[in-house]
Structure formats: C-alpha cells, structure tokens
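Topology and contacts: notes
Take a look at the letters that make up each chain.
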Amino acid sequence: MSWLNEFDDRLAALDAQSLRRVRRAVLPEPGARLSVDGVSLLAFCSNDYLGLAQDPLLRQAVHTAVDRYGVGSGASPMVSGHSVANAALEGELAQAVGLPRALYFYAGYATNASIVPALVGEGDALFSDALNHACLIDGARLSKATVHRYAHGDLARLDALLAASPARRKLVISDAVFSMDGDVADIAGLHALCERHDALLLLDDAHGFGVLGPQGRGALAAAGLSGPGASPRVLYMATLGKALGVAGAFVAGPERLVEWLLQKTRSYTYATAAPALLAEAVRAGLRCVLGTEGERRRQHLRALVAQLRAGLAPGAHAALDAAGWALLPSDTAIQPLLIGDNAAALDVMQRLREQGLWVPAIRPPTVPLGTARLRIALSAAHQADDVELLLSALRHAAAGRAQALAAAPQGVHA
Ligand SMILES: *Cc1c(COP(=O)(O)O)cnc(C)c1O
C-alpha cells in the first residue's frame, strides 16, 4: 500500500487530539465585526491593533497608488521591482524606528526565515528564546548554526550559554513582544548581554511596532535603544500586517548589516517585490501611527486592555474564579487566557461563538503542550461595550462549562 494513504490516518489523529485547524472565509463588517458564513461575529482574533486595516485613509492611498503604479511590482527588488514608493517607505521606516537604514520585505515570515541564515551559518552560534515565533525558529534551522535554546526570558541562562560558547559569531534572536503570551522581552537586558559577549541581537517586534514606545515607534524605542544612540549590534525587524494594518515587513539597523542583508537574503533576492500599492498603504498607515490619531487610538487600546484585565482579575466574578482560567501577565493588546487542555479550550471557544463572539483557541504546536489558551486580541476598533460583551460571554461560558462538567463528571473534557 502506498504511504500516501497514511495521510488519512494522520489527519484522523489530528482530529483525535483536537488539533485539526479549520479556516473560515470572512467578510469584514464595520467595527471589529466579521461576517462568517452569513453570521456576524464580534472578533477578538485580529492583530489589526489600531484598526487601520479598514481605515479610509489607507483605502484612499491604495486607490491613488493603483492609478499611478498599477497592481504588481513585476520583479524582484534586485531587478526592477524596487519602486520609488518602496524606496520612500524604507526611508520613512528607518526614520520612524530611529535606525540608520531599513529594508522592506513582502512578508514577515520570509524575512526572519531568511535573514537569520544570511547572518550566521555552520560553526556559528544562535541563542533563541523558547517562545520565539516559528519563523525565527525556522530561520535558525535553515542557518545550520548551533542553536542554544534558553527558557523563556531566562537571561541568567542566556548569559551562561553565551559565556560557554566557543563560537566567534553569536546571534541572539528574540520576539520583542511574544505573540501568544503578550509579554515584552527585557530588551535592555538582552542588549547588555550582547555587549558583554560581543553578540548581535535580532529582535522581532511584529506585535510592538505601531503600539509600543513613543508615537508607536516600537519596543526598541521604548527601551531607549534607538535614535542618536542606536546600538551597532541590534537588528530590528517588524511586520506591517499587524498594527500597521497592511502586509509585509522590514528589517532596520546599522548600515553595514542592512547592506549585507540586501546582498545575502534569499527571500529578498529571489521573491517578487511587494507591490507599490501596498507600500503606499503602509506609508499612509505610518503617518497615522506617528500622528495624533495614532496616539488617540493607542490610548483607547490601553483603556480597553485595563477594562478587560479588571473584569478578569481574581475575585471579579465567582464563575470565572471557579473555572480556574489564568489571565497571563501582559499589558499589550494580546491578552491570553490560559485554559490548559486542548478540548476544553475549543469548548470555550465554541461557547463564545454561540454567543456571537470569535476568540481563537490556540493549541500546540503553536503553544507548549498543556497550555492551550484563548488568545484575546484587543484593537482600537473595539468599543468599551464590546469588551463588556466579551466579559459577560466569558462568565456565561464558565458557568455553562461548570454545569456540563457537574452533569457528566467521568473524564469529560469537552
Ligand atoms: C505574524 C508574525 C510574523 C510573520 O509576519 P507575516 O508578515 O505575517 O509573515 C513574524 N513574527 C512574529 C512574532 C509574528 O507574530
């Protein structure tokens, strides 16, 4: 029998572990709502933290850009795909994050998966936080460097690993904001270790750029490591499909490192450049992020985060206390509610969905085994009433689950 038949069993095994993922085709609606199969759901699953993905200014920028540039870029940036719009965006991104130079990529995953192998290779050493995003992990694998994984945020361990490594070239890679936990890395601490051990630091600020730091300039600016005193040993990467509301990514840093990446990053050289219409949309998003409207949205988002955390704090509600779900410590828009068991997380997701809310259950391998969670993502597109709805739906789901478990106590998870 052909081994291809095994794929049926392998898919069935995913079902048995509540690990099968399904997609839903969505249609955006005003506010933070999505129409899914004709049903309107209040969504807490988007990384569009500032509500820019539906913004009229960005839409207008795209309309104008289409008339000027057309649709596709036609080639790699190394050939003729590097539009004047993309070039202008790179200058504005570098200035926004306070670093000498930036390189604009069509996607964040491809950026990390290929800048890491451009920086280090066989015989070199990589140091990676255990909760790093998959694309940093894949970049590490592709690089063939020796990978040292340290427990999440354990800088003492990182210090020891750096000290023990005989490699001459050392690269530390870390999410700046951890995508499934919402906590912020100790960037000053990481940088100090890199100074001590002559290492280079690569930070992935996919979830911080646009929302953290002065004027939303990101986690590096928040840590005081950008601008005139920018470090020669930091590369800063961020994506443009989250708070910036569009798509794509960039990496910024010292001139010689960015020039090296321009020469040696395979996903830059061998991929079609991002279309100018997207670059123009990002430029419009960036103007918003850096201006008073961005500030207003960030303030609103912070208020929603505080409102949600107060409503989920221990003692806020008996049914929630009894459920034993743990709200992870985070002050970013990512507010994970730890449930533990895969099936239980899916059950709570389903109970919320029945109440018209979409909060995704995140399961392994995206998160460690036994730490399935609801990843609540807040956005400036939400209103205080939306957060109130979520809190009330969570209380209702907790009470409903308690009832179901009491009715069938024998090994029932779902
Ligand atoms: C989303 C994300 C990426 C990937 O970026 P895309 O532009 O979506 O490919 C990279 N790193 C982190 C931490 C992310 O959350």
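1. Examining unusual backbone geometry
- In this model, Pro364 is joined to Pro365 through a cis peptide bond whose omega is 5°.
- Note that Pro365 resides in the loop between strand S14 (361-362) and strand S15 (372-377).
- The phi torsion at Ser18 lies on the positive side, around 55°, for a residue other than glycine.
- Relative to the helices and strands, Ser18 is located in the loop between helix H1 (6-16) and strand S1 (26-29).
- In this structure, Asp37 takes a positive phi of about 50° despite not being glycine.

2. A short note on the packing of aromatic side chains
- If you walk through the whole model with that rule in mind, you get 4 aromatic pairs.
- Centroid distance Trp3 to Phe7: 5.6 Å. Interplanar angle 55°. Geometry classified as tilted.
- Of the residues examined, Trp3 reaches a relative accessible area of 54% and is grouped as exposed.
- The class of Phe7 is partly exposed, set by a relative accessible area of 35%.

3. Thoughts on the sheet that holds strand S2 (residues 33-36)
- In spatial order, the strands read S1-S2-S3-S13; together these 4 strands make up an open sheet with mixed pairing. Among the strands making up the open sheet, the edge pair consists of S1 and strand S13 (357-358).
- Pairing analysis gives 4 bridges linking S1 to S2, with the strands arranged antiparallel. If you follow Glu29 over to S2, its bridge partner there is Arg33.

4. Section: the site of the ligand
- Close to the ligand lie 13 residues; Gly108, Tyr109, Asp204, His207 and Lys242 are nearest.
- The contact in question runs from an oxygen atom of the ligand to an N or O atom on the backbone of Gly108, over 2.8 Å.
- Side-chain polar atom of Lys242 to an oxygen atom of the ligand: 2.7 Å apart, as the coordinates give it.
- When the ligand is considered free in solution it has 380 Å² of accessible area, and contact with the protein chains removes 81% of it.

5. Some words on the pattern of salt bridges
- Here the structure, examined in full by the defined rule, presents 18 salt bridges.
- A salt bridge links Arg351 to Asp347; the shortest N-O distance between them is 3.0 Å. Of the two residues, Arg351 and Asp347 are both situated in helix H14 (residues 342-354); the distance of 4 residues between them amounts to about one turn of the helix.
- Look at the salt bridges and you will find they share partners, linking Asp55, Glu293, Arg296 and Arg297 into a network.

6. Topic: empty space enclosed by the protein
- Using the criterion set out here, one finds 2 cavities of 30 Å³ or more in the structure.
- In this structure, the largest cavity spans a volume of roughly 40 Å³.
- Around the largest cavity sit Pro77, Tyr104, Phe105, Tyr106, Ser267, Tyr268, Ala271, Thr272, Ala273 and Ala274, which together line it.
- Within the residue set of the lining of the largest cavity, elements represented by two or more residues are strand S4 (101-105) and helix H10 (266-269).
- A volume near 40 Å³ is recorded for the second largest cavity.
- Around the second largest cavity, the lining residues are Pro77, His82, Asn86, Tyr104, Tyr268, Ala273 and Ala274.
- For the lining of the second largest cavity, the per-class residue count stands at 5 nonpolar, 2 polar and no charged.

So, how was this worked out
Residues numbered from 1 in each chain as written. Predicted model: local features only at pLDDT ≥ 70, side-chain atom pairs only at ≥ 80, totals over all residues. Heavy atoms only, no water. Helix = DSSP H or I, 4+ residues; strand = E, 2+ residues; numbered from the N terminus. Phe/Tyr/Trp six-rings, centres within 6.5 Å; stacked < 30°, edge-to-face > 60°. Buried < 20%, exposed > 50% of the residue type's maximum accessible area, 1.4 Å probe, protein only. Pairing = 2+ DSSP bridges. Near = heavy atom within 4 Å. Polar contact = N/O pair within 3.5 Å; in protein donor to acceptor, adjacent residues only side chain to side chain. Areas by Shrake-Rupley, 256 points an atom, 1.4 Å probe, with all protein chains shown as cover. Salt bridge = Lys/Arg side-chain N within 4 Å of Asp/Glu carboxyl O. 1 Å grid on protein atoms, 1.4 Å probe; cavity = no way out; pocket = protein on both sides within 12 Å on 5 of 7 lines; lining within 4 Å. Points joined across faces, edges and corners; volume = space filled by probe spheres on them. Nonpolar A, V, L, I, M, F, W, Y, C, P; charged D, E, K, R; others polar.

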